[in-house]
Each structure stands twice: as C-alpha cells, then as structure tokens.
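Analysis of the macromolecular model
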Amino acid sequence: GKGRVYFSACSPFCANFVAQQWGLSACAHEFDPLLPSPAVSLHVTATSVSPSSRHLSLGCIAVFLVSKNGETETPGLGCSHRSLCICPRWEEEKKEDGVKWTQLEHRGPYFAPLYEPLPDDVQFYYNGKPLKLSLATEEIATFYAKMLDHEYTTKEIFQNNFFNDWRKEMTSDEQKIIKDLDKCDFREIHKYFVDKSEARKALSKEEKQKLKEEADKIQEEYGYCILDGHREKIGNFKTEPPGLFRGRGDHPKMGMLKRRIMPEDVVINCSKDSKIPEPPEGHKWKEVRFDNTVTWLASWTENIQNTLKYIMLNPSSKLKGEKDWQKYEVARRLKDVVHKIRAQYQADWKSKEMKKRQRAVALYFIDKLALRAGNEKEEGETADTVGCCSLRVEHIRLHPELDGQEHVVEFDFLGKDSIRYYNKVSVEKMVFKNLQLFMKNKDPSDDLFDRLNTSILNRHLQSLMDGLSAKVFRTYNASITLQEQLKALTNSEDNVAGKLLSYNRANRAVAILCNHQRSTPKTFEKSMQNLQAKVRQTKLRVPRPDLKKKKLLKRLEEQLDKLNVQATDKEENKQIALGTSKLNYLDPRISIAWCKKFGVPIEKIYNKTQREKFAWAIDMADEDFEF
DNA sequence: AATGATACTTAGGAGGCGGCTC
DNA sequence: GAGCCGCCTCCTAAGTATCATT
C-alpha cells in the first residue's frame, strides 16, 4: 500500500535526483551543503522501494522505513556505494589529465583549542621556590610536565632541545632566572594533568555523552567537504596542537617545540565558485588558492623539519578509493612482466658496468626481500635509518657458509620508523660475489651501492613498465603472497574459526615479508595465561565418553577447538602487526573473493572502517577474482 | 646529476571505548 | 555493577615518488 519513506542522501543534489528517479515528490528544505542533508520525506507506494532492493543500494543514499508507530528502522546515511553513485550532476565525466576535481568546498581546518592557564594553586618551582611564569612560558612548561613519566624526558637530547627552545620563548626576566633544567620542578603541574585526566575518566555516563555529542557536532561541521557534489569525509580536519616533537628512534630533534598553527600559517585550497571558508574571527588565511590538480584542502609548514602538512580526504572517499584501486592495478600489471624483469636483473649481475650490477643486486633485494627503496636523507636531521639503495657496508655481513647454507647475507639495519630489519638470507652465488666486490676497500660507513640511488633505479623501472617504481614490488609481492598462501592454507572443510586462522596466517606471512613489527603488547603474557587457563577449565568439563552426553560433549569440543585456535593465533601474532599490510599492501579483492568462495562473512576480516575504505572492492570483486 | 620543493602513501603507538566476565 | 581486555580510532611521523630548477 502507500507509505511514507524517509531517506538521507550525501548531498541535496543526490537527494533530489533520487526523488526524481522514482517520480516522487520530495519535501526538501534549504540545505547547507556541508551538513548532512536532513531527512527527506517522500510519499511512495511500498512496492516501489524496499531497503534491500538493488535499485536502492545503487544510489548514494541510505533508507530507513517508518513503521506504523512512527519509529524509524535501519537508519543510515551516506554514499555507501560511491563507485556506482547515480547522482547525475557530477556524473563522472572524464577529467583532463592531472585534474583531480571540479568542485571543492569546505570550512577550513578546525583549530586546536587555545591554551588555558593553570589555576593559581598549581605552581612551577625553580630551585625549590615557586615561580610564576608568563603565559607563553607556562604553556611550554605544561608540554614538558605532561610527559614527565615518559622515557623521552630522561634522554639528554630531548632535554637539551626542549630547554633550548623553551628559553627562546621566555621573557628576558625569566631567561635570567631559569638557566638549568635540573632545577626546574614540574611535578605539581604534572600531577594537575594526571588528576584532570582521572576526573575525566570518572565522569558520569550523561556527562560523557554530552562531551561526545559536542565532538560529533564538530565532526559534522568541519569533518566533511563537498567534492564534485558528494559530501565526503575528511581524514584529518584538525590542525595539530602545539607540543614537544616526539620523533621515532634516535631522533636528533626530539623535544623541540612544535609551535601552534595559526590561520595565518594556513593555505586554503578550494574551488573558485565555492563558499570560501571563513578564518577564525580577527584572523586571515596565509593564502587561498584554487588548484584542482591537487587533492588537499589545506596545508601549512611545520617548524621542526620545515616540511608541508596537509589536510586531505578520508580513505573512504571516492578520490582515495580510486587511487587505491589504481595502485593495485599497477601491481597486477607487474605480474605480467615480472618474469622478464627478473630474468633481466639476473643477467645484469654479470654486466661489465658496475652501475648496472649494483642496480641489479639492489632490485633483487627489493623484489626478493620486499625492502623499501631507500631515499637519501639529510644527515643529522632525522634518525639514522636506511632502505635498500641507502644501505651501508656496516648493515650486512657475508657468510660463505652459515648453518649449512651457502652464500648467506646477514642483514641488520634500522628501517622506516627505526624498526630493526634482521634477516639471514641465502642468495645466488653471483649476488654474493657482487656484494663482495661492492664492499671491497670500503669503510663500514660507506654506501654499499655507491653508484646507485632511488631516482636512477626508478628511472630504470619506469622504462621497463609504465607506472613501475620500487614500491610496486612491495605491493605486488605482498598481494601475490596472500593469494598463494590463502590457496595453500585454506581448508574448505574447516569451520569459520578455522578458516579465519588460515586467513590470519596468510596475512601473517605477508606481514613477516614486509617486516611489519609491533612491540609485544604490555598485557600479552597475562592475557595469554588467562586464555590457557580457560583451555584447561574447558578440558576438565569434557565428560567421559561413556556418560552418553553427546550434545554436551560436542559443544565442549567445539568450544575447546575454538579456544585452541585463538591461542595459536595469538601466540603467532605476538610481535607481528597485521594491520599495515591489510590496509596498504593487500589487494582487498583477494580477501573479498576468498570470503565469498568459502562463505566467510566479510565483517569477519574487515571492520567498519576497513569496509568503508574498501567499498570499491566490495562492489567489484566476485569469488573468481584473481590478482 | 644534484638539489629542493611538493604531494601523497605508509607506519606504529597512545588512548579511548565498548563488550565481556565474574 | 565493576573491572578488565582487546579492538578501533586518532594521531602524526616517516617514508616514496616526481617534477622543476640549477
């Protein structure tokens, strides 16, 4: 019969279009395009819409039906099927090369809250005596005070950098007094912040709810933009708050002051005819530009490394999704030529040119060991880390024979984020000989590949295949490994838990290849023991077979099985981080095809955020997908 | 070929939150 | 109902890659 349907669309344009498509009259209101469009009420016949129909799922809408008592069911919002969106206004006409959008409108970044001075009874002490600090000096003191129980503050470099920068911001009177960090006592300030965070945790449910609503409001208002007619989520819409720089590893700049970002530092990028974001009152933007060849909405230069930071879209956005898809398509093209490339670099191991030999050995490492390219870095500006092209002689050891294997190369170096790469690999004789040659008459601190850098390597790769660069090998090898491992490990007879263990193991093989490590979780030992205790308890409850309690027996056995699987998975995963490869290296279509083939719900392997990011793949892949 | 600037992807850790157990 | 635990989200640092300039 006739009924009433409410729906929300990502934008007014989409809402009106959907209404038109159905030949329905929509009662819409004036919209603010940056806010979610209010529910649109439509008068329809029940047969023309059903929340499960394909027609609806193709649109960039979500529907919720109104039941008889007026309550809504299955509420939803958003462009969940962006790749198939039917909104016509921006219907994906081909854009010129390098053009990323036609329309971009947003509110600009949300600025970090201003500094709130300490209450009068919370004091800083110098040399045992209370000392009232100027506002700017006090703010920086709180940055240090907050970190007091962190290991960082015990490091000399951290302390020196902090103290240097702090003194620069002091008044001249303060500079005369505060000359020695050891005489500074931040403990009272530290306690103030600890108490404050405790108080926050102890808030009532209602108070917490209120805080959440306030945060949600900010998210609604600043967290979205309109890109080519669609309301899209922004990734990082807040400016980074001021604080002390925390680099990873042995960073020479740790402890330096990261200054507050002001509107005057910010460049806004949007479309000319859009509503230009308003700077906060009394301020102005550094610049407003209309550059549709880039995807960022705002940018500023940070003061530690003097590099640019950007505000960009969330991975769920169409723009990012298509880029991600493209990345995997490039990796799939590598699949077609990788055999040829391998044959060539093996031949190049014997080249007369030193340069070629180095290139060929480096490429072999990148391919076989999934090493990163290894750009040059400015010395003394960052932690001393390396990738393939920047390896030094001191990072490898050659063993003609080791543990029964021939031609073993022992790698030991710090890679990205100062994560240690340690591996012993048996290599081809020619590789081994070449390495000996490259190391001849060199100091430990000399470059292993002194005739090679990433730009030479990438130029070569580009000539072998359009779009090929060093990182594509990581993507390719990660994805192909997942596909192979899934094939080898999955048993269609297994229950879902068993299949998931196989999936995790396949994922783990990739994470190990890519050296994605994590520090063992602090609670690992304890929670492992808990799990094992649970296993023992369950075992005790299994009845003797002769008691004929078949049902109970079966249930307990299943439970036990599940627990054992869980324990195995946990142990194997102790120091491995699966997330990074899952999010960045594994073609999601492989996983989705696997789910479909073996009847595993996609939610079991991808959480909500991941499903949003991989919406393009979920739409696209069927069970026959081959990487 | 070296250098510098820019834009974009990849990365692990901290902390919050929600669900489960006792 | 409290406390614990594990997952998820946020955060922002640290890479890669490419292009323009010298």
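Please read these numbers as outputs of a predicted model, since none were measured by experiment. (Residues numbered from 1 in each chain as written. Chains lettered and ligands numbered in written order. Predicted model: local features only at pLDDT ≥ 70, side-chain atom pairs only at ≥ 80, totals over all residues.)

1. Some remarks on the UniProt feature "active site" (unreviewed entry) in chain A
The sites that UniProt annotates as "active site" (unreviewed entry) are Tyr585. Position of Tyr585 among the secondary structure elements: in the loop between α16 (579-584) and α17 (588-598). Ignoring anything within four residues of it in the chain, the contact list for Tyr585 reads Arg474, Thr475, Ala478, Ser479, Val510 and Cys514. (UniProt positions renumbered as here; feature names shortened; annotations may be inferred. Helix = DSSP H or I, 4+ residues; strand = E, 2+ residues; numbered from the N terminus. Contact = placed C-beta atoms within 7 Å.)

2. Quick notes on the UniProt feature "coiled-coil region" (unreviewed entry) in chain A
The positions UniProt marks with the feature "coiled-coil region" (unreviewed entry) are residues 194-221 and 546-573. Note that residues 194-221 is 89% helix and 0% strand, and that its end C-alpha atoms are spaced 31 Å apart.

3. Here's the deal with the pairing of strand β15 (residues 298-301)
Pairing of strand β13 (residues 267-269) with β15, which is carried by two bridges, proceeds in the antiparallel orientation. Within β15, the position partnered with Ile268 by the bridge is Ala298. (Pairing = 2+ DSSP bridges.)

4. Re the protein's contact with DNA strand B
Neighbouring DNA strand B are 26 residues; Val294, Thr295, Lys323, Arg518 and Thr580 lie closest to it. Elements supplying a minimum of two residues to the surface near DNA strand B: β16 (308-311), α8 (318-348), α12 (470-489) and α16. (Near = placed C-beta within 6 Å.)

5. Some points on the environment of Thr301
Examined against the element boundaries, Thr301 turns out to sit in strand β15. The class of Thr301 is partly exposed, set by 14 C-beta atoms lying within 10 Å. With 270 residues separating them along the chain, Thr301 and Glu571 place their C-alpha atoms 43 Å apart. The contacts of Thr301, once residues within four sequence positions are left out, are Asp265, Asn306 and Leu308. (Buried ≥ 20, exposed ≤ 12 C-beta atoms within 10 Å, placed from the backbone.)

6. Observations concerning the protein's contact with DNA strand C
Taken together, 36 residues lie near DNA strand C, and Arg372, Ala373, Lys471, Ser527 and Asn607 sit nearest. Listing elements by their share of the surface near DNA strand C, those giving two or more residues are α11 (454-464), α12, α14 (524-541) and α18 (608-613). Across the surface near DNA strand C, the residue classes tally to five nonpolar, 18 polar and 13 charged. (Nonpolar A, V, L, I, M, F, W, Y, C, P; charged D, E, K, R; others polar.)

7. Some points on the nonpolar core
The nonpolar side chains of a soluble globular protein tend to be buried with one another. Membership of the largest hydrophobic core comes to 57 residues, with the highest contact counts inside it found for Ala362, Ile366, Cys388, Leu457 and Val510. Among the elements of the structure, α8, α9 (354-369), α10 (429-439), α11, α12, α13 (496-513), α17 and α19 (615-620) are those that each provide at least two residues to this core. In this view, Val510 contacts Ala478, Thr481, Leu482, Ser581, Tyr585 and Leu586; residues no more than four positions away in its chain are not counted. By size, the runner-up hydrophobic cluster in this structure holds 18 residues, among which are Ile226, Ile261, Val266 and Leu313. (Core = buried A, V, L, I, M, F, W, Y, C linked by C-beta atoms within 7 Å.)

8. With respect to the packing of α14 against helix α15 (residues 550-572)
A pair of packed helices can be characterised by two numbers: the angle between their axes and the separation between those axes. Axis separation between α14 and α15 bottoms out at 10 Å; the angle between their running directions is 160°. With respect to each other, α14 and α15 are oriented roughly antiparallel. The crossing of α14 and α15 is left-handed. Taking contact as the criterion, the partners of Met528, Leu531, Gln532, Lys534, Val535, Thr538, Lys539 and Arg541 in α14 are, on α15, Leu556, Gln559, Leu560, Leu563, Asn564, Gln566, Ala567, Lys570 and Glu571. A class-by-class count of the residues in the contact of α14 with α15 yields seven nonpolar, five polar and five charged. (Axes fitted to C-alpha atoms, helices over the stretch in contact; angles between N-to-C directions. Parallel < 35°, antiparallel > 145°, perpendicular 65-115°, else oblique. Left-handed = near helix turned anticlockwise from the far one by under 90°.)

9. Topic: the sheet that holds strand β10 (residues 230-233)
In space, the three strands of this open sheet follow the order β5-β9-β10, with antiparallel pairing throughout. Bordering the open sheet on either side are β5 (104-105) and β10, each of which pairs with just one other strand. Examined bridge by bridge, β5 and strand β9 (residues 224-227) share two bridges and lie antiparallel to one another. For Leu104, the partnering residue across the bridge sits in β9 and is Leu227.

10. A look at unusual backbone geometry
Excluding glycine, most residues fall at negative phi; most peptide bonds, likewise, are trans. The backbone of His407 sits at a positive phi, close to 55°, despite the residue not being glycine. Along the chain, His407 turns up in strand β18 (residues 405-414). Among the residues examined, His407 registers 19 C-beta atoms within 10 Å and is labelled partly exposed. The phi torsion at Asp417 lies on the positive side, around 60°, for a residue other than glycine. Mapping Asp417 onto the fold places it in the loop between β18 and β19 (420-426). Taking the number of C-beta atoms within 10 Å as the measure of exposure, Asp417 has 11 and is therefore exposed.

11. Examining the pairing of β16
Bridging between β15 and β16 involves four bridges; their strand directions are antiparallel. Counterpart to Ala298 in the pairing with β16 is Ile311. Connecting β15 to the next strand, β16, in antiparallel fashion are six residues, including Asn306 with a positive phi near 60°.

12. Some remarks on the sheet that holds β18
Overall, antiparallel pairing links the three strands, which are arranged β17-β18-β19 in an open sheet. Whereas interior strands pair on both sides, the edge strands pair on one side only; in this sheet they are β17 (396-402) and β19. Sheet twist, expressed as the mean angle between neighbouring strand axes with direction ignored, is 15°. Sheet topology note: the β18/β19 ladder contains seven bridges and is antiparallel. Among the inter-strand pairings, Phe411 is bridged to a residue of β19, identified as Asn423. Packing against the sheet, α10 makes contact with β17 and β18, and its axis sits at approximately 135° to β17.

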